[in-house]
Each structure stands twice: as C-alpha cells, then as structure tokens.
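Residues per chain, in single letters:
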Amino acid sequence: MDDKRIYVVVAKTIQVPLVPDSDAPPLRTVKQPSGRQIAQACHAANKLRWTLHKSVGVAIFELPITTIILQARDSAEMGHVFGLLARRKLIPVIFSDDNPHYGPGTWPTAIAVYATPKAVRDILGYLPLWGSK
C-alpha cells in the first residue's frame, strides 16, 4: 500500500464547557493523563482502520502500516488540523469519548488520517511526536 502511514493526533488537554448545556463558554481545561492519551490514539487508529476496511474492502487490519502518534496542545489545535486535513480531502476520522472527567456528552480526543508524509507535512509537520516533550 505505497508509502502511506497512519497519522494520529491526540490532544494533551480537552476544552469543555464550564457549565454543561450553556450557550457560551467559559471553558474548563481537562488534562488527559498519559494512559488515556494513548488509549484515545489507539481508538482513533482503529476507527480509521475500520473506515478504510469498509471503504476499500481490503483486510486492512492484517496489513503492516506504520503509525505515527503526534500530540496537539489542546482540542482546539487538534480540531484545527482536522479541518486542514479535511479541506485537503484526506478523509480524517475523529474519535470522541464520553469519559466522566469531561462532563456530560462526548468530546473529541484524537484524530487519525491515512496519508503520505508529503501530503501532511505542511499540516502536521510542526506537531511533536507523542512523548517527546
């Protein structure tokens, strides 16, 4: 499958409304512990593999694919790069979680995309590898 890789971007912190169901912020910041960040990255990568499997019909779960995990500072930065990837028509997926630490509802915690390094370099190239900071 050429030189495509799975790129996962996981948010270090998640911004959620201070008052649930209110129309306007203020927001509170929920720090994601390391273990939860890795779990969210795994969920996003698996969601992407499942999406690829359904659209291509290939046994994508059996293929060795390099996976690179990057870290966004927060959910806003993660959402920004998601938008850039989508505008480029790279078909990113987003994983949302309903952990009680975030409050009611589900909140985006990680994204994943299957792309060549060249296709994402100018979008994801500045993000640090997860765990490098």
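Scroll up to find the structure.
As the structure is a prediction and not an experimental result, all values here were calculated from the model.

### Things to note about the overall build of the protein
Check the secondary structure of the protein and you find three helices and six strands. In sequence order, the protein lays out its α and β elements as β-β-β-α-β-α-β-β-α. Within the protein, the proportion of its 133 residues that are buried is 39%. Looking at the protein alone, contacts between residues at least 24 apart form 70% of all its contacts between residues at least 6 apart. As displayed, the protein has an accessible area near 7,600 Å², and 59% of this comes from carbon and sulfur atoms.

### Here's the deal with helix H2 (residues 75–87)
Counted at 1.5 Å a residue, the expected span for H2 with its 13 residues is 18 Å, and the 18 Å between its end C-alpha atoms agrees. All buried positions along H2 are accounted for by Ser75, Glu77, Met78, Val81, Gly83 and Leu85. At its buried positions, H2 is contacted by strand S1 (5–11), strand S2 (13–17), strand S4 (67–72), strand S6 (107–115) and helix H3 (117–124). The N-terminus of H2 is capped by aspartate 74, whose side-chain oxygen sits 3.2 Å from the backbone nitrogen of alanine 76. Following H2 by one or two positions, lysine 89 has its phi on the positive side, about 65°.

Reading the values: the criteria
- Residues numbered from 1 in each chain as written.
- Predicted model: local features only at pLDDT ≥ 70, side-chain atom pairs only at ≥ 80, totals over all residues.
- Heavy atoms only, no water.
- Helix = DSSP H or I, 4+ residues; strand = E, 2+ residues; numbered from the N terminus.
- Buried < 20%, exposed > 50% of the residue type's maximum accessible area, 1.4 Å probe, protein only.
- Contact = heavy atoms within 4.5 Å.
- Areas by Shrake-Rupley, 256 points an atom, 1.4 Å probe, with all protein chains shown as cover.
- Expected span 1.5 Å × (residues − 1).
- Polar contact = N/O pair within 3.5 Å; in protein donor to acceptor, adjacent residues only side chain to side chain.

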